[in-house]
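# What the coordinates show
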Amino acid sequence: MTSFLTRRRFLSTTAGLAGAATLGGLGRPARASGELTVGFIYVGPRDDYGYNQAHAEGAAVVKAMEGVTVIEEENVAETQDVQQTMESMINFDGATLLFPTSFGYFDPHILKVAPNNPDVRFEHCGGLWSAGMPANVGSYFGYIGMGQYLNGIAAGHATKSKKIGFVAAKPIPQVLLNINSFLLGARSVDPTIECQVIFTGEWSMAVKEAEATNALADAGADVITCHVDGPKVVMETAAARDCFICGYHANQSVLAPEKYLTGAEWNWATVYTDMVKKTMAGEPIDNFVRGGLAEGFIKMSPLGPAVSDAARAQFEDTKARIMSGGFAVINGPMKDNAGNVVATEGQAFEESDVALESMGYLVEGVIGSTS
Amino acid sequence: MAVGADIPAPATPLRAWLTGIAGRAEGLLLPVLALLAGFAVFAVFLLLLGKNPATFYALVYKAGFGTAFSWNNTLSRAAPLLFSALCVAVPARLGLVVIGGEGAIVLGGVMAGGLAMLLAGWPAILAMPLLALMAALVGAIWIGAVGALRQWRGVNETIASLLLAYIAIALMNHLVEGPLRDPASLNKPSTAPLAESLRVGDLPGWNVHWGLAVAVVCCILCWVLIERTTTGFGARIAGGNVRAAQVQGLPVTRLVVGFTALGGAFAGLAGYFEVSAVHGSANASLASGYGYTGILVAFLARHNPLAIIPVALLLAGFEASSGLVQRRMDLPDATMTVLQGFVFVSILASETLTGRISLTAWLNRKDTA
Amino acid sequence: MSGDIGLWAVPLAMVGGAIRVSTPFLFVSLGEVITERSGRINLGLEGTLVFGAMAGYALAYMTGSPWIGVLAAAGAGAAFGLLHGLLCSLPRVNDIAIGIALMLLGTGLAFFFGKAFIQPVAPDLPAINLGWWSDLPQVQAALRVNVLFIIGGLLAVALAWMLKRTRIGLTLRVVGDSSDAARALGIRPARVRILATGFGGALAGMGGAYLSLFYPGSWNEGISSGQGLIAVALVIFARWSPVNCFFAALLFGAAGALGPALQSVGVTSGYYLFYAAPFVLTLVVLIASSSKSGALTGAPRELSITK
């Protein structure tokens, strides 16, 4: 029964290819001149409700563009596997624009493969491209911390225990910024709110994520968000513990519509269509691309039914201020949770400040440590 | 493996030679037939899904073995598998089932990454062998401890090595994100990058690092040790029957600890090459499952160090073709795992036919006729 | 009150964790006890568990009934077990090797057919609230006990009784200790072993269904972090006793809850090491309880891994 249904799914997804499933598929797919083959590489499954799904949704938009062939590979490890996958896409499929999307692909893998393939453009998500790195490599990322700040506002209004929770994978800058932003958003509602963080140590480990979520609920947290590759388990477990949830990476509202407040989502379609258009037109792409809500790199899930009018007002107001530019989450004076000063009076780190991308602290009010 | 060894010695040198050849051919023929049977079963599986098996196998051949790039791809995937398979095959000669090579790989890698920070100014000719040696040593201690626990405390080596692998991965994560973390490794916590002079390069003319050559040499040396030395002979006796070995006065404890440690040393070397030739620093990517794939390679090779080489190549070739199959046929990435499952069940089950399709028996029948 | 319970959160979380996390270990190890008591080892239960998780989730989603999912998982698991049992009954076929190959096949098939079921939401198995007497939500949550956990506990006792007191149990033990003795008694060892491996597979499949249908309660490719493999190891740890398996699984589950629980009360450094607690604890107990001479107490003599 299983195989029957799955078989049908495969047949339907490959309807167009069904007739072409011959030896003809062996050679490089025929391309008209001016056409472009774009490769997307994911570290996990494409439909994980999270990191990989967000990229795959972007890839799906590219797929619909005229004259573009999209090739994809899932579950590619951050080892020499990804080097071989990139080479294979270049050698066998003639891909000239690659999006290896996992952070761990950048150094050393992309940096090693790129110089051998000067005619191919490598665009990497999250990496810090700097002068001296190969010119055919670029990095892009979004100011998702702003999304977590907005999550925090929704959470700050929803929490009754004044304690919110964060399930995090590893204490790295991208994650720390999200945790800090989530708490600071909540503290913009009520400065007594605390945020408990639990690190699972893994990007994708279902049982640990569920245990961490339960531990947060046991510790009294009543609004929970996360930064792991696939948030499905955290969202479902938290909702089952009667906690409100804020999404991350993609829209998870369907998993618990009543409990879902909002979510910080990627909107990679903006970035990908832009880069593909530029490549097809022969225009250069910046090696270092960043953007936020205003640029359409990130977006917020529609507010859920549990969001109060007061929360909605503050959410929309803050969102408008972020969109108008210059908004700073880390705004001095501010201390980390060990008592060290991280921003002095008058010092503010705007969303575009590259210093945020090497954040190594948790702000005051976060219960947790970075090592 | 000398399959013809138990055949009675025929009368003439020519027939002896023929029988020897026939014995070897049998040993080869059977797995190849089983491989084809596995392919056939998988072809039916594909047909049921409405996919063309001919296209599939052509793609596997092309992406695994069909072009120079494919060979680069396959060979570079094979290197860590050779080492990790040795970590299983060597102790297996004593009848020990060690399944925790992954632990020795990650700790070997951490040792290489951590120690390299201290050796930054050293000349490469001293530092590189020292790094490799220390990585091997950590692996040897880790898996050797499994042998020691078995001999001195009677702890089952299979469960101990598995538990130690999980502990090793936790240690590795703790070290690369804590004490050994390079503060500049922002979003991918790692040890400091190895100095350029300490990096292991590629084999001339290939995109495959030197670890492959070292691994092949290690396989050959292990084969010599097991098949051609008295130590290896003693190990095989002890593997067959511990009591008999003890009665014979064989140093069973030394053999058990020595062979487990030797296996662990190879896994440690795998970690060393991952760090010095692939990643350039030690980080969580070290735990990528090579240790577990190595178990499969070793069992398929019937723990024969020489047979490990073709088996690892076959497996690596399958994995090398996974991407192209995914992209061209719109099959999920697990397709190759399913194929491997069918093929390996088929090969392992075919061992029951050993001696049934016997060329040697046919030779002997002609003799008696 | 729903207030702060301070450090009590740690032992409470461990009780809760033991109940939540232990069930897959329990089912796989109970099944494997029966298999190993018959003189075979099936290392492939990790693959069976993963396939069971997928099949259970898929069927529960398609039919709307989680119990049909559990049955499907048990059926699929039994099929894998019977395949292992049949193949290993052929002369010269190594049970450990076949187990490893079936681990690959089971995982591969589960991921292959499971792609379509990562997104959908299947109905969960029901839980029984044994914490009704407490006002503390933490206690209530910890004592939300799944039916499968209770079934597993009862099964452990039943299997122990079966092994000791029934004809089937005696047959199993005779076959596990000596094929020759079994044949002398007119028992066909191969048939007993095939059935025992099939039973083990069915329980492993149910363990998988617990993962996908209750806790964590969804199907994805990271659903198992080696539970099937560890559970096989726990059998040796539990000395082939079903009741010991129950306690071993509880211990393992409780130790696994330590990592997140300690972080939640503010012990935040070195969490990787706390996460390794179940493995360290098991190893320490194993070393302490073993001795050079009594290493294989309770081991079926036909078992290849302890020979």
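Residues numbered from 1 in each chain as written. Chains lettered and ligands numbered in written order. Predicted model: local features only at pLDDT ≥ 70, side-chain atom pairs only at ≥ 80, totals over all residues. Heavy atoms only, no water.

By the naming in an unreviewed UniProt entry, chain C goes by ABC transporter permease and is assigned to Pseudooceanicola pacificus. If you open the UniProt record of chain C and go to Subcellular location (unreviewed entry), you find "Cell membrane". (UniProt positions renumbered as here; feature names shortened; annotations may be inferred.)

Looking at an unreviewed UniProt entry, chain A carries the name BMP family ABC transporter substrate-binding protein, with the source organism given as Pseudooceanicola pacificus.

## Some thoughts on the UniProt feature "transmembrane region" (unreviewed entry) in chain C
Residues and elements named next belong to chain C. As recorded in UniProt, the sites labelled "transmembrane region" (unreviewed entry) are residues 6–31, 43–61, 67–88, 100–121, 141–163, 192–213, 245–263 and 269–288. The straight-line gap between the two end C-alpha atoms of residues 245–263 is 29 Å; of that span, 100% is helix and 0% is strand. The span residues 269–288 carries 85% helix and 0% strand; its end-to-end C-alpha distance comes to 28 Å. (Helix = DSSP H or I, 4+ residues; strand = E, 2+ residues; numbered from the N terminus.)

## Remarks on the interface of chain C and chain A
Listed as interface residues are 43 residues of chain C and, on the opposing side, 42 residues of chain A. Applying the counting rule to chain C against chain A returns two salt bridges. A:Glu211 is the salt-bridge partner of C:Arg20, the closest N and O atoms lying 2.9 Å from each other. Taken together, chain C and chain A are joined by 18 residue pairs in polar contact (both at pLDDT 80 or more). When contributions to the side of chain C that touches chain A are tallied by element, the ones reaching two or more residues are helix 1 (9–37), helix 2 (45–63), helix 4 (95–114), helix 5 (137–142), helix 11 (242–264) and helix 12 (271–275) of chain C. Among the residues forming the side of chain C that touches chain A, the class breakdown is 26 nonpolar, 14 polar and three charged. (Contact = heavy atoms within 4.5 Å. Salt bridge = Lys/Arg side-chain N within 4 Å of Asp/Glu carboxyl O. Polar contact = N/O pair within 3.5 Å; in protein donor to acceptor, adjacent residues only side chain to side chain. Nonpolar A, V, L, I, M, F, W, Y, C, P; charged D, E, K, R; others polar.)

## Some remarks on the side chain of A:Gln148
All names here are of chain A. Along the chain, Gln148 falls in helix 6 (residues 144–158). Classification of Gln148 as buried rests on a relative accessible area of 0%. In this view, Gln148 contacts Phe166, Asn178, Ser181, Phe182, Thr225, Cys226, Tyr248 and Ala264; residues no more than four positions away in its chain are not counted. (Buried < 20%, exposed > 50% of the residue type's maximum accessible area, 1.4 Å probe, protein only.)

## Quick look at the domain arrangement of chain A
Residues and elements named next belong to chain A. Each assigned domain of chain A is listed with its residue range as follows: domain 1 (33–142) and domain 2 (144–265 + 301–367). Between the C-alpha centres of domain 1 and domain 2 the distance comes to 29 Å. Contacts between the two partners involve 11 residues from domain 1, matched on the other side by 15 residues from domain 2. Interface area for domain 1 against domain 2, summed over the two sides, is near 1,100 Å², with a carbon-plus-sulfur share of 62%. When the area that domain 1 buries against domain 2 is broken down by residue, the three leading residues are Tyr49, Tyr51 and Phe141, summing to 52%. There are zero salt bridges connecting domain 1 and domain 2. At the junction of domain 1 with domain 2, the criterion picks out three residue pairs in polar contact (both at pLDDT 80 or more). (Domains from an automatic or database assignment. Buried area = accessible area lost by both parts, 1.4 Å probe.)

## A look at the interface of chain B and chain A
In many analyses, interface size is given as the accessible surface area lost on bringing the parts together. Of the residues lining the interface, 44 residues belong to chain B; the matching set on chain A comes to 47 residues. Taken over both partners, the interface formed by chain B and chain A buries close to 3,800 Å², and the fraction arising from carbon and sulfur atoms is 51%. Across the contact surface, chain B and chain A share five salt bridges. For B:Arg328, the salt bridge goes to A:Asp93, with nearest N and O atoms at 2.7 Å. Scanning the region where chain B abuts chain A turns up 15 residue pairs in polar contact (both at pLDDT 80 or more). Mapped onto the side of chain B that touches chain A, the elements with two or more residues apiece are helix 2 (53–66), helix 3 (68–92), helix 6 (157–177), helix 10 (252–279) and helix 12 (305–329) of chain B. It is helix 3 of chain B that provides the largest number of residues to the side of chain B that touches chain A, a total of seven residues.

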